[in-house]
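Understanding the architecture of this molecule
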Amino acid sequence: MIFFIIRRLFMTVFLLILVSMITFAIFFLVPRLAGQSAYQLAAQYVGRNPIPSEIKAVEAKLGLNAPLYLQYGRYLKGIVFGIHYNNGTDVSYCPFPCFGYSFRNQQPVWPQLISDAPVTLSLAIGASVLWLIGGVSIGVLSALRRGSIFDRFSMGVALAGVSLPVFFTGLIALELFSYKWPIFPNVHYVPLTTNPLLWARNLVLPWVTLAFLYAALYARLTRAGMLETMGEDYIRTARAKGLPERQVVVKHGLRAALTPIVTIFGLDLGLLLGGAILTETTFSLPGLGQFTILAIQNQDLPEIMGVVMIASFFIVIANMIVDILYAVIDPRVRF
Amino acid sequence: MAGSMLEVRDLRIHFQTDDGLVRAVDGVSFSLDRGRTLGIVGESGSGKSVTSMGIMGLHQGTKAEITGEIRLDGEDLVTADPGRVRELRGSKMAMIFQDPLSSMHPYYTVGDQIIEAYRIHNDVRKKVARQHAIDLLGRVGIPQPAVRVDDYPHQFSGGMRQRAMIAMALSCDPELLIADEPTTALDVTVQAQILDLISDLQSEFGSAVIIITHDLGVVAELADDILVMYAGRVAEYGSAADIFGRPDHPYTWGLLASMPRMDRDRTTRLVPIPGTPPSLIRVPSGCPFHPRCRYTHLTGGRCDTEVPQLHEAVTPGHAAACHLTAEERARQWAALSAGKVADDASEPVSQGPVSQGPVSQGSVSQGKVEA
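The rules we used
- Per chain, residue numbering runs from 1 following the sequence as it is written.
- For this description, chains carry letters from A and ligands carry numbers from 1, given in the order in which they are written.
- Side-chain atom pairs in this predicted model are given and counted only at pLDDT of 80 or more, local residue features only at pLDDT of at least 70, and totals for whole chains, interfaces and linings cover all residues.
- Numbering of helices and strands runs from the N terminus, with a helix taken as a DSSP run of H or I at least four residues long and a strand as a DSSP run of E at least two residues long.
- Exposed residues have 12 or fewer other C-beta atoms within 10 Å of their own C-beta, buried residues have 20 or more, and partly exposed residues fall in between, where C-beta atoms are placed from the backbone.
- Our contact criterion uses C-beta atoms placed from the backbone: two residues qualify when those atoms are within 7 Å.
- Charged residues are taken to be Asp, Glu, Lys and Arg, nonpolar residues to be Ala, Val, Leu, Ile, Met, Phe, Trp, Tyr, Cys and Pro, and polar residues to be all remaining types, Gly included.
- These domain boundaries are the output of an automatic or database domain assignment.
- Two strands qualify as a pair provided that DSSP identifies no fewer than 2 bridges between them.
- The angle between two axes is taken between their N-to-C directions and runs from 0 to 180 degrees, where each axis is a line fitted to C-alpha atoms and a helix contributes only its stretch in contact.
- A right-handed crossover is one whose linking path, passing over the helix from the first strand to the second, runs clockwise when the strands point away from the viewer.
- One number per residue, pLDDT, summarises how confident the predictor is, and it ranges from 0 to 100.

A few points about the overall build of chain A
Along its length, chain A carries 13 helices and 2 strands. By its C-alpha atoms, chain A is 80 × 55 × 40 Å across when sized along the principal axes. For chain A, with 335 residues in total, the buried portion stands at 36%. Long-range pairs, those at least 24 residues apart, make up 66% of the contacts in chain A between residues at least 6 apart in sequence.

A few points about the overall build of chain B
Of the regular secondary structure elements, chain B holds 12 helices and 12 strands. Here chain B holds 371 residues, and the buried ones make up 46% of them. Taking as baseline every contact in chain B between residues at least 6 positions apart, the subset at least 24 positions apart corresponds to 67%.

Some points on the interface of chain B and chain A
Taken together, the contacts link 23 residues of chain B with 18 residues of chain A. Mapped by element, the contributors of at least two residues to the side of chain B that touches chain A are helix H2 (82-88), strand S6 (93-96), helix H3 (100-103) and helix H4 (110-121) of chain B. Looking at which element gives the most residues to the side of chain B that touches chain A, the answer is H4(B), with 4 residues. Residues that form the side of chain B that touches chain A fall into these classes: 11 nonpolar, 7 polar and 5 charged.

Examining the domain arrangement of chain A
All names here are of chain A. Each assigned domain of chain A is listed here: domain 1 (2-95) and domain 2 (109-333). Centre-to-centre separation of domain 1 and domain 2, based on C-alpha positions: 35 Å. Each partner contributes to the interface: domain 1 provides 10 residues, whereas domain 2 provides 12 residues. Of the residues belonging to the side of domain 1 that touches domain 2, the class tally is 6 nonpolar, 3 polar and 1 charged.

Here's the deal with unusual backbone geometry
The phi dihedral of A:Ser284 is positive, around 50°, even though this residue is not glycine. Structurally, A:Ser284 is set in the loop between helix H11 (277-282) and helix H12 (288-297). By C-beta crowding, A:Ser284 is classed as exposed, having 12 other C-beta atoms within 10 Å. Backbone geometry places B:Gln144, a non-glycine residue, at a positive phi of 50°. Relative to the helices and strands, B:Gln144 is located in the loop between helix H5 (126-139) and helix H6 (145-148). What makes B:Gln144 exposed here is the crowd of 11 C-beta atoms within 10 Å.

Considerations on the domain arrangement of chain B
Reports of interface size often rely on the accessible area that becomes lost once the parts have come together. Here chain B is described as being made up of domain 1 (100-173) and domain 2 (245-337). Here the C-alpha centroids of domain 1 of chain B and domain 2 of chain B sit 43 Å apart.

Looking at the sheet that holds S6(B)
All names here are of chain B. Taken in spatial order, the 8 strands make up an open sheet running S6-S7-S8-S3-S9-S10-S12-S11, and their pairing is mixed. Of all strands in the sheet, those bounded by a partner on one side alone are S6 and strand S11 (311-312). As paired elements, strand S3 (residues 37-41) and strand S8 (residues 208-213) share 5 bridges and run parallel to each other. Of the residues in S8, the one forming a bridge with Gly 39 is Ile 211. The sheet contacts of helix H7 (residues 158-170) involve S6 and strand S7 (176-180), and relative to S6 the element is tilted by about 170°.

Section: the sheet that holds strand S4 (residues 64-72) of chain B
Residues and elements named next belong to chain B. Read from one edge of the open sheet, 4 strands run S2-S1-S4-S5, paired in antiparallel fashion. Sheet topology places strand S2 (20-32) and strand S5 (75-76) at the edges, where each strand pairs with a single neighbour. One ladder, built from 10 bridges, connects strand S1 (residues 6-17) with S2; its direction is antiparallel. Following the sheet pairing, Thr 17 is matched in S2 by Gly 20. Most of the contacts of helix H1 (residues 48-56) go to S2, to which it runs at about 70°, and overall it touches S1, S2 and S4.

Section: the pairing of S8(B)
All names here are of chain B. In terms of residue burial, S8 counts as a mostly covered element, since 6 of its 6 residues are buried. Burial of the side chains of S8 extends over both faces: Ala 208, Ile 210 and Ile 212 are buried on one face and Val 209, Ile 211 and Thr 213 on the other. The pairing of S7 with S8 spans 5 bridges and is classified as parallel. Looking at S8, one finds that Leu 176 is bridged to Ala 208. Taking the sense of rotation as the criterion, the β-α-β connection linking S7, helix H8 (residues 188-205) and S8 turns out right-handed.

Focus on the pairing of strand S9 (residues 225-230) of chain B
Residues and elements named next belong to chain B. In terms of burial, S9 is a largely internal element, 6 of the 6 residues being buried. Summarising the sheet, S3 and S9 pair through 4 bridges and their orientation is parallel. Bridge pairing in S9 places Gly 39 opposite Ile 226. Across 6 bridges, the pairing between S9 and strand S10 (residues 233-239) is antiparallel. Across the sheet, residue Tyr 230 finds its bridge partner in S10, namely Arg 233. The turn joining S9 and S10, which pair antiparallel and follow one another in sequence, is formed by 2 residues; a positive phi near 50° is taken by Ala 231.

A word on the confidence of the model for chain B
All names here are of chain B. Summary statistics for chain B give a mean pLDDT of 85 and a share of 89% for residues scoring 70 or more. Scored below 50 in pLDDT, residues 342-371 makes 58 contacts in the model with residues more than four places away or belonging to other chains. Reported for the predicted complex are a pTM of 0.80 and an ipTM of 0.83.

Below, the structure is given as structure tokens:
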């Protein structure tokens, strides 16, 4: 088990390095192949109507003239250890983890990512708890009462949930519960540390909107999984032992049906932590998703790279946790 | 046999499906005493497993319509409260299933699954239950039970899994043990060990055992009584000695002829029963076996119109449901056991040619089949 985890950790590090390489290649190698010079790249850092000497200074400072593999080495070093930038006259230090400087405001990227992450974290974790509990319980009940009115109704709603995009359901929710009946007026992000009550209250609509989309999916998945496991031989054995039906369903049925759900849950959560773009935009929440949108609109390469690295970090880590959880849940996977 | 531990009277288990009413079990009666073993024999879909699940009350919550009586020590399980049947399940009656791998939960250790079975019905601490599980595993012949108790089912071999299933079933000292094809999924060498184990444990625990199988060799070894089922009905019912010595139903003859025997010449061909078991939705009129039976021309057309009733033709306690007269059956069986397939019988079934094997004269014993 220990070896399994260590092996997975190595795999994770390797994957992250691979992602950084690909990201770097897309943003530095491809433009160079397309004929962009280091001078043109440096110009993007300086702003409108730059003075050529300023551009030259930036080019020298960031080492944009160096061979690409050296640049990649510096990039990686910056992320892992921090890095000193030196153009002869001016030395600046970008502390670990350094994702470079934003084109927009010449500020380091990392502190901006860090300041936006709690918003996304609050949104993703709150919503995921809601959809996991809601989706799984609806799925189990639907499976146990297959063909009932409850089953048909909830599966119908689930179909709608899967099909409707967040910017539709989110706007409807805002219209109804923020404007028409102002139960949650003036939705905006308040940090948890400032006012926990207001934090939760303002996040209710985004949580429910996001959870609705996923709960629908999870309800359908759980229902299908439960229908399958409840037909297994070991369920019959559990009943033959004289176990109360409740225990048969939860301890024997749901336990087995949850395995694929856990896998997908890990991936979904990891994906969301990198930025719930649609939900954040709909509810104007200043999280990583908004950050991403802005970075793309401004063609701010260092910011985009930073956000890609963060998002892939979450996904790769989530993947690793899922794999380890899988081994905990299913003894057949252990090595 | 009044006052037996288990009495089943006119049990009918029907399922309403979209295609029609499935008469999985249609009027089955038998009884069983402590310390005795009943073998229920039949092809797939003859209603053997449905019967045993019915006794265990495992059709609860399905669309099964159950009528008739199942009395366990006088208590009727058909009309009993489901909660009461659940209490009895696992404690007073227990069941072993066909495929021990899929019948054990893959996520829990063997020990945990036995402990769970024990603790549902006995209010004991986990430690006590664990020791009980280790004792049971030792008793069913698992080496190093104190270590293996923490293994998962996939770490056990097939035979060991079935042993563990038996340990689980025996955890609460059941008075009735139902084994549904306990050896079908196992290696041939392991089969005999499991059967020996069941019969040893039966003499040790004194419980009544029902063995469900399509393998006549299995029941020949273990059963005191045999119930031959066909299309949800009883074709023949009697003691093992009677059924192997003087089978009284053409279907039983067919089963015996289709089975290899040590006491026959090796060149003797096995004779399959022509055709396939009927659909339980459209059971043939009259005797359900008549489309596959070679003797229908001997009864004057009653076979496809009139349902034969069980009657004791030869010895008391040995009953068969067939329209042939007792004398006619005696004559046909004498011919068959002499190694002759009824030549004068017409071929009623077109599908599946019936091989008429070379006649082996000589040593045809009608005693027990050694399997």
